[in-house]
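Summary of the model geometry
What follows is the residue order along each chain.
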Protein chains: 2
Amino acid sequence: MTYAPPIKDMQFTLDQVIGAGRLSETDLFAEATADVAEAILLEAGKLASDKLAEINRSGDLHPARLENGVVRTSPGFADAYQAIAEGGWVGIAADPEFGGMGLPLTLTSAVGEMMNSACLSLALNPLMSQGQIEALEHHASEEIKALYLPKLISGEWTGTMNLTEPQAGSDVGALRSKAEPQGDGTYKVTGQKIYISWGDHDVAENICHLVLARLPDGVPGTKGISLFLVPKFIPTEDGKPGVANSLKPISLEHKLGLHGSPTAVMEFDGATGWMVGPEHGGMAAMFTMMNNARLGVGVQGLGIAEAAYQKALAYALDRTQGKGMVQDTGTILDHADVRRMLLQMKALTRSARAICLDTAFSLDMARATEGDESAKWKARGAFLTPIAKAFGTDVGSEVADLGIQVHGGMGFVEETGAAQFARDVRVTRIYEGTNGIQAMDMVGRKLMDGGAAAEALLGEIEATAKDAQAKHPRMADVLQDVGETLSDTLDWMVKAEPNDRFAGSVPFLRAFALVLGGHYLLRGAMVGGDEDRIALARFHIRQVMPAAIGLCAAATEGAAPLYALDADQLAS
Amino acid sequence: MTYAPPIKDMQFTLDQVIGAGRLSETDLFAEATADVAEAILLEAGKLASDKLAEINRSGDLHPARLENGVVRTSPGFADAYQAIAEGGWVGIAADPEFGGMGLPLTLTSAVGEMMNSACLSLALNPLMSQGQIEALEHHASEEIKALYLPKLISGEWTGTMNLTEPQAGSDVGALRSKAEPQGDGTYKVTGQKIYISWGDHDVAENICHLVLARLPDGVPGTKGISLFLVPKFIPTEDGKPGVANSLKPISLEHKLGLHGSPTAVMEFDGATGWMVGPEHGGMAAMFTMMNNARLGVGVQGLGIAEAAYQKALAYALDRTQGKGMVQDTGTILDHADVRRMLLQMKALTRSARAICLDTAFSLDMARATEGDESAKWKARGAFLTPIAKAFGTDVGSEVADLGIQVHGGMGFVEETGAAQFARDVRVTRIYEGTNGIQAMDMVGRKLMDGGAAAEALLGEIEATAKDAQAKHPRMADVLQDVGETLSDTLDWMVKAEPNDRFAGSVPFLRAFALVLGGHYLLRGAMVGGDEDRIALARFHIRQVMPAAIGLCAAATEGAAPLYALDADQLAS
C-alpha cells in the first residue's frame with residue numbers, strides 16, 4: 001500500500017480552521033510552534049508511510065497467536081514497534097519530567113491519525129500505553145510514577161486496560177474481579193478479564209496491566225471499584241523486569257479484523273498489584289484514561305477513513321471500465337456515481353478530521369488556560385469528545401465501506417486491502433464505550449450544563465454561516481437553516497426526560513456532527529479560498545449535511561415508539 | 001444458529017399487502033393457490049432451518065479450496081445441496097415440461113429468502129442454475145433444452161454465468177473471449193473469466209457454463225457478443241457426463257465473505273460449446289437471465305437482513321447489561337438505543353421484503369396476463385427490479401452491520417456469526433450489476449417511458465396515504481408529504497440530462513425505496529390492524545423514511561458539483 005500522509009490538510013485544519021496556533025501562545029505548550037508541529041508531522045508521516053504501512057497486510061494474514069502460554073505477534077510487528085518506541089512516539093504527549101515530549105493532544109491526534117492509517121493493529125498498542133501513562137500521571141503514587149512512567153514513555157514497556165469481564169461490558173459496575181490487600185502496600189488481584197487489547201505480546205519486555213477490581217469492602221456497582229497496576233513481570237528495584245507475576249493470557253479472540261492486535265482473555269490468579277488512585281476510586285482514575293482514549297479511538301476511525309479514501313481514489317484512477325458521460329481521465333473516475341462516492345468519502349473524512357482535531361485542541365486549551373476560560377474549553381472538549389469518538393468511527397466504517405464499493409468486485413477480494421480497512425475499523429464503534437453509549441453521554445451528562453456548551457458550538461456554526469453570507473450565500477443559507485433545526489432539537493433535548501433523550505441520541509449526535517462538518521468545511525473554504533475546498537464544502541453542505549433534517553425529526557420522537565413492540569412482537 | 005422462517009409475515013405480505021392471491025386467478029399460475037403456497041413455504045422453511053442453517057458456519061470456517069485442479073467444497077455442503085436438489089427447489093419456477101414446478105417467481109423469491117437466510121454461500125448455487133434455466137428456456141434450441149433442462153432443473157447438474165473478464169466487469173462489452181465455429185454446430189471457446197460463482201465444485205456431477213464470447217466476425221462492444229453453453233463434461237447422447245471439456249478453474253478468490261461459495265477464475269482453452277440464442281445476440285440472452293437474477297440478489301440481501309435481525313434480537317434478549325431506564329425484560333432490550341437499532345433492522349427488512357415480493361409479483365403478472373395489462377405489469381416490474389436489487393442488498397449490509405452493533409464486543413468476535421452475515425452479504429451490492437449501476441438503470445432506461453411506471457407507483461403510495469388519513473392521520477400526512485417530494489424529484493429526473501440523473505441516481509433510488517417501504521408497512525398496518533404492525537409502520541414513516549427528504553435534495557444537484565474537483569484536487 002502507498003500511503004501519503006495528509007500533512008497539508010492537517011496543517012491547514014489546525015492553523016486556518018481551528019486556530020491551533022493559539023496553543024503555542026500558552027505557557028504549557030509554548031514549544032509547540034508551527035515549525036515544531038511541521039517537523040513532528042513530517043517525521044511521523046515518514047514512519048507511517050515507510051515502516052508501518054508495509055506490515056499492515058502481514059498483520060491481517062498472519063494473526064497474532066497464542067503458543068504455549070505466550071503470544072507471538074505478526075511478522076514485522078516487533079521491528080515496527082521498536083521504530084515507534086525509538087522515535088519517542090509513545091510519549092509524545094507525556095510529561096517531560098519522565099521522558100515525554102509534552103506536546104499537545106492536538107499533535108498527538110494528528111500523529112495518531114497517520115499511524116492508524118498505516119497500521120491500525122499496531123497503532124493500538126501505543127494508544128493503550130498513552131492512556132495508561134495519563135492515568136498514572138494523574139493518579140499514581142510518586143514511587144509508581146518514578147518506576148513505571150519512564151519505561152512506558154520510552155516504549156520499553158507497554159500498557160493495557162483491563163475493564164471488561166464476561167458479565168461486565170458496558171455495565172462495568174457488574175465486575176467480579178477481587179483485590180486482597182497484603183498489608184505491605186500490595187494486593188493480590190484475582191479475576192478474568194476479556195477483550196484485552198495487546199494483553200500479551202512479544203514486542204516489548206514488560207506489560208503493565210491496569211486492572212479494575214473490587215476490594216473486600218468494596219460495595220457493589222461502580223462505587224466499590226478500585227484500580228490496580230499489575231505488571232506481567234514484577235520490576236526489580238533498578239527497573240528491570242523481574243519475576244513473572246501470576247497472570248496469563250488464556251486465549252485470543254478470533255476477530256473480524258485487527259488480526260495483528262492480540263485480543264486476550266487474561267487470567268489474574270492472585271497476581272501482585274499496586275493500587276492507583278484512592279480506594280474505591282477506580283472508576284474516576286479509569287475515566288481519566290478513557291476520556292482521552294475515546295478521542296484516540298475516534299482518530300482510529302479517521303485514520304482508516306483517510307487510508308480507505310486514498311486507496312479507493314488510487315484504484316479509481318487506475319481502473320478503466322465503461323465510458324463515463326464525461327470523458328476526462330478515461331478511468332472510472334469519469335462516472336458520476338464513482339465521483340459521488342469519492343466526494344462523500346472525502347467530505348466525511350475531512351469533517352471527522354476537523355472534529356477530532358478541534359476536540360483535541362479544546363482539551364489542550366483547557367489544560368493550558370485557567371479559571372473561566374479553562375472551564376469553557378473543558379466543557380467544549382467534553383461535549384465534543386463523544387461526537388469525535390462516535391462520528392469518527394462511524395465515518396471510518398462508512399468510508400471503508402464506500403471504498404469497497406469503489407473497488408467493485410475487487411473490493412470483495414481480500415488482496416486489495418479495501419475489505420481489511422472495513423474489518424479492522426469495525427470494532428472502533430464498539431470499544432471504549434459503544435457509539436450508542438457515546439450518544440447517551442452526549443445527551444445525558446454533557447447536557448447537564450443546560451446545553452450551554454452545545455449552544456456555544458451552535459453559535460460558532462451560526463457565525464460561520466453569517467461570515468459566509470456575502471461570498472457563499474447558498475451554502476450559508478443551508479448551514480443556517482440546518483443549524484436552526486439542530487438548535488430546536490437541542491432545546492427539545494434539554495427539556496426532555498432522560499429516556500426520551502436517549503431514544504433520539506444517536507440520530508442527534510449524527511446530525512450535530514454533520515452540521516459541525518459543514519461548519520468546518522465552509523470555514524476552510526472561506527479562509528483558504530481554494531476552488532477545491534469550496535467545491536468540497538458545497539458538496540457536503542448541499543448533499544451530505546441535509547440528512548441532518550431527517551435525523552433531527554427522528555431524534556425528537558421520544559422513547560415511547562421504541563417500546564411499542566414487546567419482545568414477542570419483535571420476534572413475530 | 002436457530003433460524004425461524006418468517007412465514008407468517010411472508011404470507012401476510014403476499015396476501016394482504018400485495019394481493020398476490022390474484023396470481024392463482026390467472027391460467028398460468030392457477031395452481032399457485034394459498035394452500036399450495038403455504039405448503040411450499042413450510043417445506044422450504046423446514047429445509048432452511050433444519051438442514052441449511054447448520055452448515056453456514058462450516059462454510060465460513062472451511063472455505064472451498066482448489067486441490068489438484070478440482071474444487072473441494074466445505075464440509076456438509078454436498079449433502080445439503082442434495083437436499084435442495086431432491087426437494088425440487090432448483091426447478092421451483094421452471095417449466096413443468098422439463099420437470100419444473102412452474103410456480104411463480106413470487107414464491108421462488110420467498111423460498112429463496114429462507115435459503116439465503118440459512119446459508120447464503122450454498123443458496124447462491126441454485127440461484128445460478130435458475131438463471132441459466134431461464135436463459136435456456138427462452139433462448140436455447142430444442143435439442144439443448146431437451147438435453148440440459150431436465151438435468152439443471154433436477155439439480156443433477158448446476159449452472160454458472162461467465163461474463164466478467166479482468167478488463168471487462170461493469171463494461172461487459174470490453175470482453176476478449178473468442179468463439180470459433182467448427183462447422184458442426186459447435187464452437188471452440190477460448191478465454192479467461194473471473195468471479196465465476198460456483199465455477200467448479202464437487203456437489204453435482206456436471207457444471208454447465210454459460211459463457212459470453214465473441215465470434216470471429218463479432219464487432220467490438222456489446223453488439224458483437226454471443227452466448228455459449230460450455231459444459232464441464234460433454235454430455236453423452238443419453239445425457240450422462242462424458243469426456244472432460246477443455247476448461248478448468250485456475251484459482252479461487254480469497255474473499256471477504258461467502259467462503260463456502262467457490263469463486264473461480266475459469267480458463268476456457270478451445271472448450272467445446274453450443275450457441276444459445278442468435279449470433280451476436282448474447283447480451284439479450286444474458287439479460288433475460290440477469291434481470292431476474294437481479295431480483296434474486298436483492299432477495300439475498302433480504303435473507304441476510306432477516307437472519308441478522310433474528311440473531312441480534314436473540315442476543316439482546318439473552319444479554320443482561322446495565323439497567324435500562326425502562327425495566328421490562330431485564331436484558332439490553334430495555335435500553336432505548338438497542339430498541340432503536342432493532343426496530344430499524346425490522347423496518348428495513350420488512351420494507352425490503354415487500355419490495356422484493358412486489359417486484360416478483362409484477363414480473364409474474366406480466367407473464368400471466370396479456371396486452372396492455374401485461375405491459376403495465378412488465379413496466380412496473382422493470383422499474384422495481386433495480387430498486388429490489390439495490391435496496392435489498394443495501395438493507396442486507398445495513399441490518400447485518402446493526403446486528404454487529406447490537407452484539408457489542410461479541411459482534412466483533414467471529415464465533416457469534418454476526419460478523420459473517422456482514423461479510424457474506426457485502427458482495428451482493430457489487431455483483432449482478434453494482435448498486436450504482438442499478439440506480440443508473442432506474443433513472444436511465446427505466447425512465448424512458450417518461451416516468452409513467454414510476455408515477456403509477458407514486459399514485460399507489462398516494463392512495464395509501466389517502467386511505468390512511470382517517471385512522472392514521474399523522475402517518476398519512478408524512479407519507480403524503482414525502483411522497484410529494486419524491487414526485488417532484490421524479491419530475492426533475494425525467495427532464496434532466498442523463499449525467500445529471502446519474503449523479504443523483506443513488507440517493508433517488510434510496511429515497512424511492514424508503515417511501516415504498518412506508519407505503520407497504522402502512523398498508524399492512526391498515527389491513528392487519530395489529531398494534532405491532534401499526535407501531536412498526538409509525539417507526540418507519542416517522543423515523544426512517546424522513547431521510548428521503550435529504551436524499552431528494554442531494555439527488556437534484558446535478559452532475560456539475562461532482563466534477564468540480566479534478567483528480568489532483570481529489571488527491572490533495
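Residues numbered from 1 in each chain as written. Chains lettered and ligands numbered in written order. Predicted model: local features only at pLDDT ≥ 70, side-chain atom pairs only at ≥ 80, totals over all residues. Heavy atoms only, no water.

In plain terms, the rule: UniProt positions are given in the numbering used here, feature names are shortened, and annotations may be inferred rather than shown by experiment.
Chain A appears in an unreviewed UniProt entry as 3-methylmercaptopropionyl-CoA dehydrogenase from Pontivivens insulae. Quoted verbatim from the Cofactor (unreviewed entry) heading of the UniProt record, the comment on chain A is "FAD". The annotation that UniProt attaches to chain A under Catalytic activity (unreviewed entry) is "3-(methylsulfanyl)propanoyl-CoA + oxidized [electron-transfer flavoprotein] + H(+) = 3-(methylsulfanyl)acryloyl-CoA + reduced [electron-transfer flavoprotein]".

1. Observations concerning the overall build of chain A
Keep this limit in mind: Think of it this way: any DSSP run of H or I at least four residues long counts as a helix, any run of E at least two long counts as a strand, and we number them from the N terminus. Using C-alpha atoms as the atom set, the radius of gyration is obtained and then compared with a globule rule of 2.2 Å times the number of residues to the power 0.38. When accessible area is computed with a 1.4 Å probe and restricted to protein chains, residues below 20% of their type maximum are described as buried, those above 50% as exposed, and intermediate ones as partly exposed. We call two residues in contact when some of their heavy atoms are within 4.5 Å. Throughout, the Shrake-Rupley method with a 1.4 Å probe supplies accessible areas, and for residues the shown protein chains are the sole cover considered. We treat Lys and Arg as the positive residues and Asp and Glu as the negative residues; His and chain ends play no part in the count. Charge coordinates come from a single atom per side chain, which is NZ of Lys, CZ of Arg, CG of Asp or CD of Glu.
The helix and strand tally for chain A stands at 18 helices and 11 strands. Compactness check: chain A gives a C-alpha radius of gyration of 24 Å against a globular reference of 25 Å for 572 residues, within 12% of the reference. Taking the principal axes of the C-alpha coordinates as reference, chain A spans close to 70 × 60 × 55 Å. Classification of the 572 residues of chain A by burial places 64% in the buried group. Of the contacts formed within chain A by residues at least 6 apart in sequence, a portion of 75% connects residues at least 24 apart. Surface summary for chain A: the accessible area is close to 19,300 Å², and the carbon and sulfur share equals 52%. Charge centroids of chain A, computed over 48 positive and 72 negative side chains, lie 4 Å from each other.

2. A short note on helix 10 (residues 371-406) of chain B
Residue pairs three or four apart in sequence face the same way in an α-helix, which turns once every 3.6 residues. Residues and elements named next belong to chain B. In plain terms, the rule: By this rule the span expected of a helix is its residue count minus one, scaled by 1.5 Å. Working definition for bend: take the seven residues up to and ending at a residue and the seven starting at it, fit an axis to each, and measure the angle between the axes.
Its 36 residues give helix 10 an end-to-end C-alpha distance of 50 Å, which sits within 8% of 52 Å, the value for a rise of 1.5 Å per residue. In the structure, helix 10 departs most strongly from a straight axis at Leu384, where the bend amounts to approximately 30° and where the proline Pro386 lies between one and four residues downstream. A positive phi of about 55° marks Gly408, the residue just after helix 10.

3. Quick look at the pairing of strand 4 (residues 178-181) of chain B
Residue and element names in this part refer to chain B. In plain terms, the rule: By definition, two strands form a pair when at least two bridges between them are found by DSSP.
Taken together, the four bridges between strand 4 and strand 5 (residues 186-197) define a ladder with antiparallel strand orientation. Bridging across to strand 5, Pro181 finds its partner in Tyr187. Hairpin connection of strand 4 to strand 5: four residues between the antiparallel strands, including Gly183 at a positive phi of 85°.

4. Some details on the UniProt feature "domain: Acetyl-CoA dehydrogenase-like C-terminal" (unreviewed entry) in chain A
Mapped onto the present numbering, the UniProt feature "domain: Acetyl-CoA dehydrogenase-like C-terminal" (unreviewed entry) falls at residues 457-566 of chain A. Between the C-alpha atoms that bound residues 457-566 of chain A there is a distance of 39 Å. The span itself is 81% helix and 0% strand.

5. Considerations on the environment of B:Asp441
Residue and element names in this part refer to chain B. Position of Asp441 relative to the elements: it lies in helix 12 (residues 435-443). Judged by its relative accessible area of 12%, Asp441 falls in the buried class. Distance from Asp441 to Leu521, taken between C-alpha atoms, is 26 Å for residues 80 residues apart in sequence. Leave out the neighbours within four places in its chain, and Asp441 touches Arg294, Pro386 and Lys446.

6. Thoughts on the interface of chain A and chain B
Quick reminder of the rule: Simply put, the buried area is the total loss of 1.4 Å probe accessible area from both parts when two parts are fitted together. When a carboxyl oxygen of Asp or Glu is within 4 Å of a side-chain nitrogen of Lys or Arg, the pair counts as a salt bridge. Here the term charged refers only to Asp, Glu, Lys and Arg, the term nonpolar to Ala, Val, Leu, Ile, Met, Phe, Trp, Tyr, Cys and Pro, and the term polar to all other amino acids, Gly among them.
At the junction of the two partners, chain A supplies 83 residues and chain B supplies 83 residues. Counting the surface chain A buries against chain B, the share from its top three residues, A:Phe412, A:Leu562 and A:Leu570, is 11%. For A:Arg429, the salt bridge is made with B:Asp401, and the minimal N-O distance between the two is 2.7 Å. Here the side of chain A that touches chain B takes eight residues from helix 16 (residues 531-544) of chain A, the largest share from any one element. Across the side of chain A that touches chain B, the residue classes break down as 40 nonpolar, 19 polar and 24 charged.

7. What to know about the pattern of salt bridges
Applying the stated criterion across every chain, the model contains 56 salt bridges over all chains. Where B:Arg72 meets B:Glu67, a salt bridge forms, and the shortest distance between an N and an O atom there is 3.9 Å. Accessibility expressed as a relative area gives 31% for B:Glu67, which makes it partly exposed. With a closest N to O distance of 2.8 Å, B:Glu306 and B:Arg353 form a salt bridge. Of this pair, B:Glu306 sits in helix 8 (residues 282-318) while B:Arg353 sits in helix 9 (residues 336-368), and the two are 47 residues apart along the sequence. Residue classification places B:Glu306 among the buried positions, given a relative accessible area of 9%. Judged by relative accessible area, which is 1%, B:Arg353 ranks as buried. The network of salt bridges with common partners includes A:Asp9, A:Glu113, A:Glu306, A:Arg350, A:Arg353 and A:Arg533.

8. Some points on the UniProt feature "domain: Acyl-CoA oxidase/dehydrogenase middle" (unreviewed entry) in chain A
When the UniProt feature table is mapped onto this chain, "domain: Acyl-CoA oxidase/dehydrogenase middle" (unreviewed entry) is found at residues 161-269 of chain A. In this annotation, residues 161-269 of chain A is assigned 0% helix and 50% strand; the end-to-end C-alpha distance for the span is 17 Å.

9. Points about the confidence of the model for chain A
In plain terms, the rule: Confidence of the predictor at the level of single residues is captured by pLDDT, which takes values from 0 to 100.
Confidence in the prediction for chain A averages 96 pLDDT; 100% of positions are at 70 or higher. As a predicted assembly, this complex carries a pTM of 0.98 together with an ipTM value of 0.97.

10. Thoughts on the relation of the copies chain A and chain B
In plain terms, the rule: Here the copies were fitted onto each other by least squares, based on C-alpha atoms from residues at pLDDT of at least 70 in both.
When chain A is fitted to chain B, the residual RMSD is 0.0 Å, and the transformation amounts to a turn of 180° plus an axial shift of 0.0 Å. Seen this way, the second copy is the image of the first under a two-fold rotation axis. Minimal C-alpha distance to the rotation axis in chain A is attained by A:Ala547, lying at 3.0 Å. Here 100% of the contact residues of chain A are again contact residues in chain B; the copies associate through an equivalent surface.

11. Thoughts on a negative patch on the surface
Residue and element names in this part refer to chain A. Worth spelling out the cut-off: Like charges are joined within 9 Å and nonpolar side chains (Val, Leu, Ile, Met, Phe, Trp, Tyr) within 5 Å, but only among residues with over 30% relative accessible area and no salt bridge; these make up the patches.
Taken together, the side chains of Asp449, Glu455, Asp477, Asp481, Glu484, Asp488 and Asp491 define an acidic patch exposed on the protein surface. Broken down by element, the residue count for the negative patch peaks at five residues, all from helix 14 (residues 473-495). On the secondary structure map, Glu455 appears in helix 13 (residues 452-468). A relative accessible area of 42% means that Glu455 is categorised as partly exposed.

12. Section: the packing of helix 9 (residues 336-368) of chain A against helix 15 (residues 498-528) of chain B
Our working rule: Interaxial angle, 0 to 180 degrees, is taken between N-to-C directions of lines fitted to C-alpha atoms, where a helix line uses only the stretch in contact. Relative orientations are named as follows: roughly parallel for angles under 35 degrees, roughly antiparallel for angles over 145 degrees, roughly perpendicular for angles from 65 to 115 degrees, and oblique for any other angle. Helix crossings fall into two classes, left-handed where the near helix is turned counterclockwise from the far one by less than a right angle and right-handed where it is turned clockwise.
Interhelical geometry of helix 9 of chain A versus helix 15 of chain B gives an angle of 50° and a closest axis separation of 8 Å. On the basis of the axis angle, helix 9 of chain A is oblique to helix 15 of chain B. Judged by the twist between their axes, the crossing of helix 9 of chain A over helix 15 of chain B is right-handed. Here helix 9 of chain A contributes A:Ala336, A:Asp337 and A:Arg340 to the contact with helix 15 of chain B, which in turn contributes B:Asn499, B:Phe502, B:Ala503, B:Val506 and B:Pro507. Taken together, the residues of the contact of helix 9 of chain A with helix 15 of chain B break down into five nonpolar, one polar and two charged.

13. Digging into the packing of aromatic side chains
Put simply, the rule reads: Centres within 6.5 Å make a pair out of two Phe, Tyr or Trp rings, where for Trp the six-membered ring is used; the pair is then stacked when the planes are under 30 degrees apart, edge-to-face when over 60, and tilted otherwise. Here, a charge over a ring means that NZ of Lys or CZ of Arg falls within 6 Å of the ring centre while also lying within 35 degrees of the ring normal.
Tallied over the entire structure, the rule returns 12 aromatic pairs over all chains. Taking the centre distance of 5.2 Å and the plane angle of 65° together, the rings of A:Phe383 and A:Phe512 count as edge-to-face. Residue A:Phe383 is located in helix 10 (residues 371-406), and its partner A:Phe512 is located in helix 15 (residues 498-528); the two are separated by 129 residues in the primary sequence. Here A:Phe383 and A:Phe512 have matching classes, each one buried. By way of ring pairs, the aromatic residues A:Phe383, A:Phe508 and A:Phe512 are connected into one cluster. It is A:Lys376 that lies over the ring of A:Trp377; its NZ or CZ is 4.6 Å from the centre. Lying over the aromatic face of B:Phe12, B:Arg533 brings its terminal NZ or CZ to 3.6 Å of the ring centre.

14. Observations regarding the nonpolar core
The condition is simple: Think of a nonpolar core as a cluster: buried Ala, Val, Leu, Ile, Met, Phe, Trp, Tyr and Cys residues, connected wherever their side-chain atoms sit within 4.5 Å.
Counting 368 residues, the largest nonpolar core has A:Ile387, A:Phe512, B:Ile387 and B:Phe512 as its most contacted members. Sequence-distant contacts of B:Ile387, that is, excluding residues within four places in its chain, are made with B:Ile355, B:Gly392, B:Met442, B:Leu509, B:Phe512, B:Ala513 and B:Leu516.

15. Points about the side chain of A:Glu113
Residues and elements named next belong to chain A. Mapped onto the elements, Glu113 comes out in helix 5 (residues 105-118). We classify Glu113 as buried; its relative accessible area is 1%. Glu113 has contacts with Tyr3, Pro6, Met10, Val299, Leu302, Gly303, Glu306 and Arg353, leaving out every residue within four places of it along the chain.

16. Describing the environment of B:Ser251
All names here are of chain B. Looking at the secondary structure, you find Ser251 in strand 10 (residues 247-252). Here the alpha-carbon distance between Ser251 and Pro262, two residues 11 residues apart in the chain, equals 9.6 Å. Every residue in contact with Ser251, bar those within four places of it in the chain, is listed here: Leu66, Thr263, Ala264 and Val265.

17. Observations regarding the pairing of strand 5 of chain B
By the bridge criterion, 10 bridges tie strand 5 of chain B to strand 11 (residues 263-276) of chain B in an arrangement that is antiparallel. Following the sheet pairing, B:Gly191 is matched in strand 11 of chain B by B:Phe268.

18. Points about unusual backbone geometry
Residues and elements named next belong to chain B. If you check the backbone angles, Asn68 has positive phi at about 50° while not being a glycine. Structurally, Asn68 is set in the loop between strand 1 (65-67) and strand 2 (70-72). For Asn68, a relative accessible area of 83% corresponds to the exposed category. Phi at Trp198 is positive, roughly 55°, even though this residue is not glycine. Along the chain, Trp198 turns up in the loop between strand 5 and strand 6 (206-214). You can call Trp198 buried: its relative accessible area is 1%.

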